[in-house]
Each structure stands twice: as structure tokens, then as C-alpha cells.
Amino acid sequence: MVNYIDPVPKDSVKSRGFGSEDVQASKCRENDDWKDELEDSEESAKPLTRQEMEALLGSALLRPSRVTVKRLLILQGLVTIVSAVAWSATGKSFGLDSSAISALLGGLAALVPAALFAARAKVLSGRVNQLGTTVFALVTGELLKIIATVAMFVLVIVFYPDLDWLPLLLTYIIALKCYWLGWLFR
């Protein structure tokens, strides 16, 4: 007959579940008390009405913003064109040299993924979604935007041998900062 010996002693931490039974029971009671307090709190009672929000925040904050996605995309396009024209002045007399083309490509590396994300958001706004699916769709849209940005930079590096990095990156950064300019014009 084989004697079976329990490999874990009864008084070990593993057998106790990382705490004594008294400690575990008191923590369960604390969690139950916390849940009762949350149910009785006023925070989870009801959402605010529009009039209550206006009284709390003011009517100016509840007005729709003048900054739209279309305006931001137009602003990014204008910044890209202005930057390309400015970089063309550094080379030949207002000709399309490598600096101007690099600046144009840098602006497009910011503009095209933003336009893709905006198109995806427009498609999603037409659907009635639950909160979880909407958040998931926006996260996947942002992932699409990141992948498109990386792909555009790889394509520029591979297919444009006369690439000038300074105009490319500066125009890309300035085009990305158009979102901040949109908030200033708000």
C-alpha cells in the first residue's frame, strides 16, 4: 500500500489562499459594504438634463464647435501647400525641388491617414451602435490611421530617392499640430 503524503502542508500560504480565513471574510464584508454605499450614493442616480448642464457649465460650452473635421482637413492641406511653397523658395526659384516635394509628402503623410480616419468615423456615425462597439470601432480606426502613416513613410522612403528629411518631418509635425490650431480657433 502506498502512503500518499500531501505535498502542501495545511498551514502553508498556498493552502490558506494567501490570507487567513478571518482576513478573507472581513474583506468580503468590506466589499459588500462598499457596494451598498455605491448603490445609495447620489452619483449613480440619474443623468443631468440639458437645462441642468447649461446651468452647471454655461450655454457657451454646450454650443456645437465651429471646428469640424472638414475644416481641420482643409487646414492640414493648406499648411502642407504653404510649407511646400516655403521649402521651394529655399531651392530653385519657386521650383519643385527635392525639399518642396519632401515637404509635400510629409504633409500628405499626415493628411491622408487623417482623412481615412474621418471617413471611417463618418461611416460609423450613420450606424446606431452600442458604446462598446463604438469604442472598438474608434480604436480600430486609430490603428488603421497609425498603419497608414507608417505605410506612407515606408513608401516615401522606398520610392523617393531624393528625400530631404528636414522638410518631410517638419511639415508632418506642423500638419499634425493643426488639431491644436483648431482648438485655438474654437
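These numbers were taken from a predicted model, which means no experiment stands behind them.

## So, the overall build of the chain
Stage number 1. Along the chain, the regular secondary structure elements total nine helices and zero strands.
Stage number 2. Order of helices (α) and strands (β) in the chain, N terminus to C terminus: α-α-α-α-α-α-α-α-α.
Stage number 3. The buried share among the 186 residues of the chain stands at 24%.
Stage number 4. Partitioning the contacts of the chain with sequence separation of at least 6, the portion at a separation of at least 24 is 67%.
Stage number 5. A total accessible area of about 14200 Å² is found for the chain, and carbon and sulfur atoms account for 67% of it.

## A few points about helix α3 (residues 50-57)
Stage number 1. Counting buried residues along α3, only zero of its eight residues qualify, which leaves the element largely exposed.
Stage number 2. Immediately downstream of α3, the backbone of G58 shows phi near 95 degrees, a positive value.

## Side note on the layout of surface pockets
Stage number 1. The space that makes up the largest pocket amounts to roughly 280 Å³.
Stage number 2. V69, A114, F117, A118 and A121 are the residues nearest the centre of the largest pocket, which is lined by 14 residues in total.
Stage number 3. At the level of elements, α5 (69-88), α6 (98-125) and α7 (131-159) are the ones that each hand at least two residues to the lining of the largest pocket.
Stage number 4. For the lining of the largest pocket, the element with the most residues is α6, which contributes six residues.
Stage number 5. Its residues assigned to classes, the lining of the largest pocket shows eight nonpolar, two polar and four charged.

## Observations concerning the packing of aromatic side chains
Stage number 1. Using the criterion set out here, one finds one aromatic pair in the structure.
Stage number 2. With a centroid separation of 4.9 Å and an interplanar angle of 75 degrees, the aromatic rings of F153 and Y172 are classed as edge-to-face. Taken together, the residues F153 in helix α7 and Y172 in helix α8 (residues 165-176) connect sequence positions 19 residues apart.
Stage number 3. According to the relative accessible area criterion, F153 is buried, its value standing at 16%.
Stage number 4. Taking relative accessible area as the criterion, Y172 reaches 17% and is therefore assigned buried.
Stage number 5. Over the ring of F117 we find K145; its NZ or CZ atom is 5.8 Å from the centre of that ring.

## A short note on α5
Owing to its 3.6 residues per turn, the α-helix brings residues three or four apart onto one side.
Stage number 1. The end-to-end C-alpha separation of α5 is 29 Å, in line with the 28 Å expected for 20 residues at 1.5 Å each.
Stage number 2. Inspection of α5 places L72, L75, Q76, G77, V79, T80, S83, A84, W87 and S88 among the buried residues, and these make up the whole buried set.

## Description of the nonpolar core
Stage number 1. Membership of the largest hydrophobic core is limited to ten residues, which are A109, A110, M152, F153, V156, Y160, L163, L168, Y172 and A175.
Stage number 2. Apart from residues lying up to four places away in sequence, A175 is in contact with Q76, V79, T80, G107 and A110.

Conventions adopted
- Residues numbered from 1 in each chain as written.
- Predicted model: local features only at pLDDT ≥ 70, side-chain atom pairs only at ≥ 80, totals over all residues.
- Heavy atoms only, no water.
- Helix = DSSP H or I, 4+ residues; strand = E, 2+ residues; numbered from the N terminus.
- Buried < 20%, exposed > 50% of the residue type's maximum accessible area, 1.4 Å probe, protein only.
- Contact = heavy atoms within 4.5 Å.
- Areas by Shrake-Rupley, 256 points an atom, 1.4 Å probe, with all protein chains shown as cover.
- 1 Å grid on protein atoms, 1.4 Å probe; cavity = no way out; pocket = protein on both sides within 12 Å on 5 of 7 lines; lining within 4 Å.
- Points joined across faces, edges and corners; volume = space filled by probe spheres on them.
- Nonpolar A, V, L, I, M, F, W, Y, C, P; charged D, E, K, R; others polar.
- Phe/Tyr/Trp six-rings, centres within 6.5 Å; stacked < 30°, edge-to-face > 60°.
- Lys NZ or Arg CZ within 6 Å of the ring centre and 35° of its normal.
- Expected span 1.5 Å × (residues − 1).
- Core = buried A, V, L, I, M, F, W, Y, C linked by side-chain atoms within 4.5 Å.

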